[in-house]
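Working through the structure, step by step
This is what each chain is made of:
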Amino acid sequence: MSRPTTRAPKLDWTDPDCPVARTLDLVGDRWSLLVIRDAMDGARSFTEFQRRTGIARNILTERLRKLTAHGLLAQRTAPSGRRQEYVLTGAGRDLFPVILTMRQWGERHAFAPGEAHSTLVDEHGTPVPEIVPTGADGTPLDTGTTHVRKTR
């Protein structure tokens, strides 16, 4: 898994020993994850992110700064040479399974049966299969078969 090469200092972690809490501190608000989602779907410009999400300009500006500062997005000159665009870094792309899992949870629990919603498909147009975490031996994992080992 790739790590950001530069990371803005964060001295006020919600729970400094918990990877889940640190991740939420970085991307746990809805706008950050929607920006990442749209970057995964090809959005690159400020205007595209704003149009797709409906986010206020000031909030979008702050989220793009934060995601860039923490190494999830990088800024580069657009091919036209006229403006800057945002692209996912390796750390940003590493959020794909997180976004996919949230999408699949939403498909199961956030829509009424038969209610229309978007579908994620692969390059051949086939719906992406359900993600099921498995152990080293291939056995499905869940809350009953895992536990957190504290580092201290």
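Here, the structure is the one placed above.
Please read these numbers as outputs of a predicted model, since none were measured by experiment.

Quick notes on the rules
- Residues numbered from 1 in each chain as written.
- Predicted model: local features only at pLDDT ≥ 70, side-chain atom pairs only at ≥ 80, totals over all residues.
- Heavy atoms only, no water.
- Axes fitted to C-alpha atoms, helices over the stretch in contact; angles between N-to-C directions.
- Helix = DSSP H or I, 4+ residues; strand = E, 2+ residues; numbered from the N terminus.
- Parallel < 35°, antiparallel > 145°, perpendicular 65-115°, else oblique.
- Left-handed = near helix turned anticlockwise from the far one by under 90°.
- Contact = heavy atoms within 4.5 Å.
- Nonpolar A, V, L, I, M, F, W, Y, C, P; charged D, E, K, R; others polar.
- Buried < 20%, exposed > 50% of the residue type's maximum accessible area, 1.4 Å probe, protein only.
- Polar contact = N/O pair within 3.5 Å; in protein donor to acceptor, adjacent residues only side chain to side chain.
- Salt bridge = Lys/Arg side-chain N within 4 Å of Asp/Glu carboxyl O.
- 1 Å grid on protein atoms, 1.4 Å probe; cavity = no way out; pocket = protein on both sides within 12 Å on 5 of 7 lines; lining within 4 Å.
- Points joined across faces, edges and corners; volume = space filled by probe spheres on them.

What follows deals with the packing of helix H2 (residues 30–40) against helix H3 (residues 46–53). For the pair H2 and H3, interaxial distance at closest approach is 10 Å and the crossing angle is 115°. It follows from the interaxial angle that H2 and H3 lie roughly perpendicular. Once H2 is placed against H3, the crossing between them reads as right-handed. Here H2 contributes Trp31, Leu34, Val35, Arg37, Asp38 and Ala39 to the contact with H3, which in turn contributes Phe49, Arg52 and Thr53. Counted by class, the contact of H2 with H3 contains 5 nonpolar, 1 polar and 3 charged residues.

By secondary structure assignment, the location of Thr53 is in helix H3. Judged by its relative accessible area of 16%, Thr53 falls in the buried class. Within polar-contact distance, the side chain of Thr53 engages the backbone oxygen of Phe49 at 2.7 Å. A polar contact of 3.2 Å, which involves the side chain of Thr53, links it to the backbone nitrogen of Ile55. For Thr53, the contacting residues outside a window of four places in its chain are Trp31, Leu34, Arg37 and Asp38.

Bringing the pattern of salt bridges into the picture now. According to the stated counting rule, one finds 7 salt bridges in the structure shown. Here Asp29 ties to Arg63 by a salt bridge, and the two come within 2.8 Å at their closest N and O atoms. Here the residue Asp29 occupies a position in the loop between helix H1 (19–27) and H2, and Arg63 occupies one in helix H4 (residues 57–69), the gap between them amounting to 34 residues. Glu85 is the partner of Arg76 in a salt bridge, and the nearest nitrogen-oxygen pair spans 2.6 Å. Taken together, the salt bridges that share partners define one network made up of Asp29, Glu62 and Arg63.

On to the layout of surface pockets. Approximately 540 Å³ is the volume attributed to the second largest pocket. Around the second largest pocket, the lining comprises 15 residues; the ones closest to its centre are Arg37, Ile99, Leu100, Arg103 and Leu120. Listed by contribution, the elements that provide at least two residues to the lining of the second largest pocket are H2 and helix H6 (96–109).

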